[in-house]
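Below, each chain spelled out in residue letters.
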Amino acid sequence: MNISETKIEWSEKYRPTSLSEIVGNGKPVSDLCAWAKEWRNRAPDRKAAILYGKPGIGKTTAAHALAHDLGWEAIELNASDQRTATAIKKVAGMASETATIGGGIRLIILDEADNIYGNADRGGARELVRIIQHTTQPILLTANDLYGVSQGIKNLCVPIAFRSLQSRSIAQLLRKICQNEGIACDAEALLRLAENAHGDSRSAINDLQAVAQGKSKLHQDDVVVSSRDSRDTIFDVLKKIFKKKDIKDALNATYDIDETPDSLISWVDENLPAQYRGGDMVSGFDALSRADIFLGRVQRRQNYRMWRYAGAMMTSGVVVSKSREYAGARFMPPSQWRRLGQTRAARQMRDAISGKIGLRCQVSQRYARLNLLPFVKGLVSDRDYAVRLAAWAGLDVGEIAYLTGSKKGALKVKTIYQEAQTMFEAGIAEEIEIFGGFGQQGQQGLQNAAADLKPEKPKRAPVALAEELEKKQEKGTEKEPKEALKKAQTSLFDF
Amino acid sequence: MVGQTNTIGRLSSYVRTENLPHLMFTGPPGVGKTASAVSIARELFGDTWQSNFTELNASDERGIDVVRHKIKNFARTSPVGDADFKIIFLDEADALTIDAQSALRRTMEKYTRTCRFILSCNYSSKIIEPIQSRCAVYRFGPITDEAVEERVRYIATEEQLDITEDGVDAIKYVAHGDMRKAINALQSAAMLDATIDRDAIYQITATARPEEIEKLISDAYKGDFAESRRKLGDLLTKQGLSGEDIVGQIYRAVFDVGDIPDRKKIELIDKIGETDFRITEGANERIQLEALLAQFVLSGGIYND
Ligand SMILES: Nc1ncnc2c1ncn2[C@@H]1O[C@H](COP(=O)(O)OP(=O)(O)O)[C@@H](O)[C@H]1O
Ligand SMILES: [Mg+2]
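Here the structure is a predicted model, which is why all the values come from computation and not from measurement. (Residues numbered from 1 in each chain as written. Chains lettered and ligands numbered in written order. Predicted model: local features only at pLDDT ≥ 70, side-chain atom pairs only at ≥ 80, totals over all residues.)

### Some details on the overall build of chain A
Regarding its fold elements, chain A presents 24 helices and 7 strands. The contacts of chain A with a sequence gap of at least 6 include a subset with a gap of at least 24, amounting to 70%. (Helix = DSSP H or I, 4+ residues; strand = E, 2+ residues; numbered from the N terminus. Contact = placed C-beta atoms within 7 Å.)

### So, the overall build of chain B
When its secondary structure is counted, chain B shows 15 helices and 7 strands. Here chain B holds 305 residues, and 45% of them are scored as buried. Nonlocal contacts in chain B, meaning residues at least 24 apart in sequence, comprise 77% of its contacts between residues at least 6 apart. (Buried ≥ 20, exposed ≤ 12 C-beta atoms within 10 Å, placed from the backbone.)

### Examining helix H9 (residues 201–212) of chain A
Residue and element names in this part refer to chain A. The terminal C-alpha atoms of H9, which comprises 12 residues, lie 16 Å apart, in line with the 16 Å expected from a rise of 1.5 Å per residue. When you tally the buried positions in H9, you get 12 out of 12 residues, the bulk of the element. Every buried residue of H9 is accounted for by Ser201, Arg202, Ser203, Ala204, Ile205, Asn206, Asp207, Leu208, Gln209, Ala210, Val211 and Ala212. Looking one or two residues past H9, Gly214 carries a phi angle of roughly 85°, positive in sign. (Expected span 1.5 Å × (residues − 1).)

### Remarks on the sheet that holds strand E3 (residues 106–110) of chain A
Residue and element names in this part refer to chain A. If you trace the 5 strands from one edge of the open sheet to the other, you get E2-E3-E4-E1-E5, paired in parallel fashion. The sheet terminates laterally at strand E2 (73–77) and strand E5 (157–161), the two strands that pair on one side only. Across the sheet, the mean angle from the axis of one strand to that of its neighbour is 20°, orientation sign disregarded. The pairing of E3 with strand E4 (residues 139–143) spans 3 bridges and is classified as parallel. (Pairing = 2+ DSSP bridges. Axes fitted to C-alpha atoms, helices over the stretch in contact; angles between N-to-C directions.)

### A closer look at the site of ligand 1
Residue and element names in this part refer to chain A. Taken together, 22 residues are adjacent to ligand 1, and Arg15, Gly58, Lys59, Thr60 and Thr61 come closest. Here the shell around ligand 1 is composed, by residue class, of 9 nonpolar, 9 polar and 4 charged. Taken domain by domain, the shell around ligand 1 gets at least three of its residues from each of domain 1 (25–161) and domain 2 (167–228). (Near = placed C-beta within 6 Å. Nonpolar A, V, L, I, M, F, W, Y, C, P; charged D, E, K, R; others polar. Domains from an automatic or database assignment.)

### Focus on the interface of chain B and chain A
With 59 residues of chain B at the interface, the matching set in chain A holds 52 residues. Every element with two or more residues in the side of chain B that touches chain A is listed here: helix H1 (7–17), helix H4 (64–76), helix H5 (98–110), helix H6 (129–133), strand E5 (136–139) and helix H14 (262–281) of chain B. The dominant element in the side of chain B that touches chain A, judged by the number of residues it contributes, is H14(B), at 10 residues.

### Some thoughts on the nonpolar core
Ile50(A) and Leu174(A) are the most contacted members of the largest nonpolar core, which totals 104 residues. Setting aside its immediate chain neighbours within four residues, Leu174(A) contacts Leu190(A), Leu193(A), Ala194(A), Ala204(A) and Leu208(A). (Core = buried A, V, L, I, M, F, W, Y, C linked by C-beta atoms within 7 Å.)

### Some remarks on the confidence of the model for chain A
Residue and element names in this part refer to chain A. When pLDDT is averaged along chain A, the result is 78; 77% of the residues meet or exceed 70. The secondary-structure element of chain A with the lowest mean pLDDT is helix H24 (residues 479–488), recorded at 37, while helix H15 (residues 316–319) shows the highest, at 97. Here residues 226–231 scores under 50 on pLDDT; set against residues more than four positions off or in separate chains, the count is 5 contacts. Here residues 437–495 is modelled with pLDDT under 50, and outside its nearest four sequence neighbours on either side it reaches 72 contacts, counting other chains as well. (pLDDT = per-residue confidence, 0-100.)

### Focus: the pairing of E4(A)
The two faces of the sheet receive side chains in turn, since in a regular strand these alternate between them. Residues and elements named next belong to chain A. Within E4, 5 of the 5 residues are buried, which leaves the element mostly enclosed by the surrounding structure. Side chains of E4 alternate between two faces, with Ile139, Leu141 and Ala143 and Leu140 and Thr142 buried alike. In this sheet, E4 lies alongside strand E1 (residues 48–52) in parallel orientation, the contact comprising 5 bridges. Residue pairing in the sheet places Tyr52 in a bridge with Ala143 of E4.

### Structural notes on unusual backbone geometry
Even without a glycine there, the phi angle at Glu112(A) is positive, about 55°. Locating Glu112(A) in the fold gives a position in the loop between E3 and helix H5 (124–134). Not every positive phi belongs to a glycine, and Gln160(B) is a case in point at roughly 50°. Locating Gln160(B) in the fold gives a position in the loop between helix H7 (145–158) and strand E6 (162–163).

### Some points on helix H13 (residues 243–254) of chain B
With 12 residues, H13(B) should reach 16 Å at 1.5 Å per residue; the first-to-last C-alpha distance of 16 Å fits that figure. Considering only its buried residues, H13(B) is in contact with helix H14 (306–314) of chain A together with helix H11 (210–221), helix H12 (225–238), H14 and helix H15 (285–300) of chain B.

### Some thoughts on the environment of Gly328(A)
Counting through the fold element by element, Gly328(A) comes out in the loop between H15 and helix H16 (336–342). Spatially, the C-alpha atoms of Gly328(A) and Lys239(A) are 9.4 Å apart, while their sequence positions differ by 89 residues.

### What about the sheet that holds strand E3 (residues 86–91) of chain B?
Residues and elements named next belong to chain B. Pairing within the open sheet is parallel, and its 5 strands lie in the order E2-E3-E4-E1-E5. In this open sheet, the two edge strands, each paired with only one partner strand, are strand E2 (53–57) and E5. Across this sheet, the average inter-strand angle for adjacent strands is 15°, counted without regard to direction. Pairing between E3 and strand E4 (residues 115–121): 5 bridges, direction parallel. Pairing of Leu90 across the sheet is with Leu119, part of E4. Strands strand E1 (23–26), E2, E3 and E4 of the sheet are contacted by helix H2 (residues 33–45), whose axis makes an angle of about 160° with E4.

### A look at the packing of helix H12 (residues 261–275) of chain A against helix H13 (residues 278–301) of chain A
All names here are of chain A. Orientation of H12 relative to H13, taken along the N-to-C sense of each, is 165°, at an axis distance of 11 Å. Considered as vectors, H12 and H13 are oriented roughly antiparallel to each other. Regarding H12 and H13, the two cross each other, and that crossing is left-handed. Two secondary-structure elements touch here, H12 through Pro261, Asp262, Ile265, Val268, Asp269, Leu272 and Pro273 and H13 through Met281, Gly284, Phe285, Leu288, Ala291, Asp292 and Leu295. Here the residues of the contact of H12 with H13 are counted per class, giving 10 nonpolar, 1 polar and 3 charged. (Parallel < 35°, antiparallel > 145°, perpendicular 65-115°, else oblique. Left-handed = near helix turned anticlockwise from the far one by under 90°.)

### Topic: the environment of Asn25(A)
Structurally, the position occupied by Asn25(A) is in the loop between helix H1 (10–13) and helix H2 (26–37). Considering only alpha carbons, one finds Asn25(A) and Ala161(A), 136 residues apart in sequence, at a separation of 8.9 Å.

### Observations regarding the confidence of the model for chain B
Residue and element names in this part refer to chain B. With 96% of its residues at a pLDDT of at least 70, chain B reaches an overall mean of 87. Mean pLDDT across the elements of chain B bottoms out in H1 (75) and peaks in H14 (96). We note a pTM of 0.60 for the whole complex and an ipTM of 0.75 for its interfaces.

### Concerning the environment of Gly152(A)
Residue and element names in this part refer to chain A. Position of Gly152 among the secondary structure elements: in helix H6 (residues 151–155). According to the C-beta neighbour criterion, Gly152 is buried, with 21 such atoms within 10 Å. C-alpha separation for the pair Gly152 and Gln418, spaced 266 residues apart in sequence, amounts to 8.4 Å. Residues in contact with Gly152, not counting those within four places in the same chain, are Val129, Gln421, Thr422 and Glu425.

### Topic: the packing of helix H7 (residues 167–181) of chain A against helix H8 (residues 187–196) of chain A
Residue and element names in this part refer to chain A. Put simply, H7 and H8 touch, their axes get as near as 8 Å, and they point 125° apart. In terms of axis orientation, H7 runs oblique to H8. Crossing of H7 against H8: the hand is right-handed. Across the interface between the two elements, Ser167, Ile170, Ala171, Leu174 and Arg175 from H7 touch Leu190, Leu191, Leu193, Ala194 and Glu195 from H8. Class assignment for the residues of the contact of H7 with H8 results in 7 nonpolar, 1 polar and 2 charged.

Given below as structure tokens:
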């Protein structure tokens, strides 16, 4: 720990330097030591380990503490560094192939390895696989979510799960800090802070510094942790919109919830048809439509003043749309598609996917969005297609979830992603044909047709595509044709 | 998350001990998130505050490269003068892409000897969990009129200022949940006159009196376009208000104007929003506001010739 330093953030100041200071997580820490011990003689079978778990539970700390305890040199590459193939090769590759000056061991820490796949880091994952395969030095990865790490990498690593800390352990950590800072503290106060952190000791320490710094005594009453439950929920807001008459009340209620206007409007949108009838519903939708126009202005012009009008239209505007009282249908959360269709994030997602497809087909993002994306969307319900598409275009988890209309955490999405990564790492992604290999177009397929925007040639392609799509829909989702399809398929449009 | 009740007290204890954790301020616009960040920096760094405080608006530069290059370089250079660290204020941090937020994670930890982050955002749900874990989170709710009043009265007593009852009300109206504005108004008015009353407050803050705005609206709604338009001209030229201020005040007032049914009010709010948008797009705010008044006439359905 760096306790001699006074002007440093507490969570850093009290970062354990040795494994023995790490609270809780005994099992993973000893697993980590066991893996490290194997390195004493020669490189073990699995030359890398991955520490994964929620934020603030000691993963990064353990990685550095291990190096400290064993007298290893440590070198770190994290998400704030560029992690393209070249960058990874340069830093980690070099370090992994050469011994330290003294002939000791050098630990390579790849912090936050769950995030290497963004567009900015293209090729990084594949390079990492190569480096792990060829390293002569131990490699430690950390990640919040194992699903963000590709199968290829996971196969090469010893997985070590870190668990969220118990409130008791966190309270104990906080007590030590208080002692060190010369703050007398109330056990109840510490427990409250600890519980509020839900297992994340870093945020508990931050909260402690927030409430205790500069005090000589910390009393229970000093710990005002805002209880989320006391705030209005989205359902209270919906009630004020659909069941009550006060326009100001409905608007004001939205200030107390932490829901973005984009998200709120999709809640109202989802429930409106079930709550109002006839002309009231029509007028309600008119209000939502106006709200949406204002939201569009926020997005496009960064004109944040427009938020207040959007907010008023989607709440008060819907309040006044009712001409009578309606009995209570239950409020439903917006379906995934509805939610996705409206957020700015979704639009970015759509454009990002179109961009990736466009890149591979050498057409503009706009062309891909208007002319290719609809087909892709129609076809991803076929799982094999989805996998190949993901590998071909380099889609990430969020993008796959968007295309398949599933939640990001859904098993389906994760497995598609992983299989795609495997294809990608095996280097066969380059050979996949997404828009080719059907009809007269032969191997060139739409890839060329789409790229070639001269009017004579490409006319056929979209027509053919549509036919393919129709054929596919006729086949429906029965099992049998799908099996047949699996065998014969040489391209993603070759059914 | 730490409750808002004692936010100011907490923030000033950081200043007293000259140390702070990374902070995240969440809440609607105009409740003093930026103001708090600036005042922490001013008090912490004194004369060198401007060199040690960097403000980046995340909505201008939202990508991962900003984090990897610009922010990282700011973070690792040493503070100026005898400051112990510098502060990077990331305004509208919820506009950062997920990738960019991820890249920020380790930067926040590694350069803590030279730098602290203050993130400001409207919605905490848009900030990824690992970033929230690295910050003490403060939620800024809209500041209540009562809190403003209490603060104003406290300062007035301390500084022995003479403030009238309607002066206090005027400050509440002007501040509209922004404590900094309230205190500024009080301070400037105190320099102007021995007694602080409503007129002094409205004058010094270039704000129209609420009843003037209400009259502007109801005149138009009742069909007296000429009178309403004359009043508008006064506000713009004689009182020197900006179109943006006026449209904001009209928006606030319209909820409370008597004699207009709720349905009509919503219709008007829609028109007000449209006008607000057109003011930023257009060249002449007077024309846009006149057009708005004409819409009010139309809504009221009475035409005086
Ligand atoms: N198990 C733990 N024991 C002691 N301190 C911890 C533990 N986990 C987290 N901390 C505290 O939280 C901070 C962040 O921990 P870190 O290891 O960086 O978390 P992450 O798991 O997100 O990598 C550390 O500096 C330390 O102060
Ligand atoms: Mg970490």
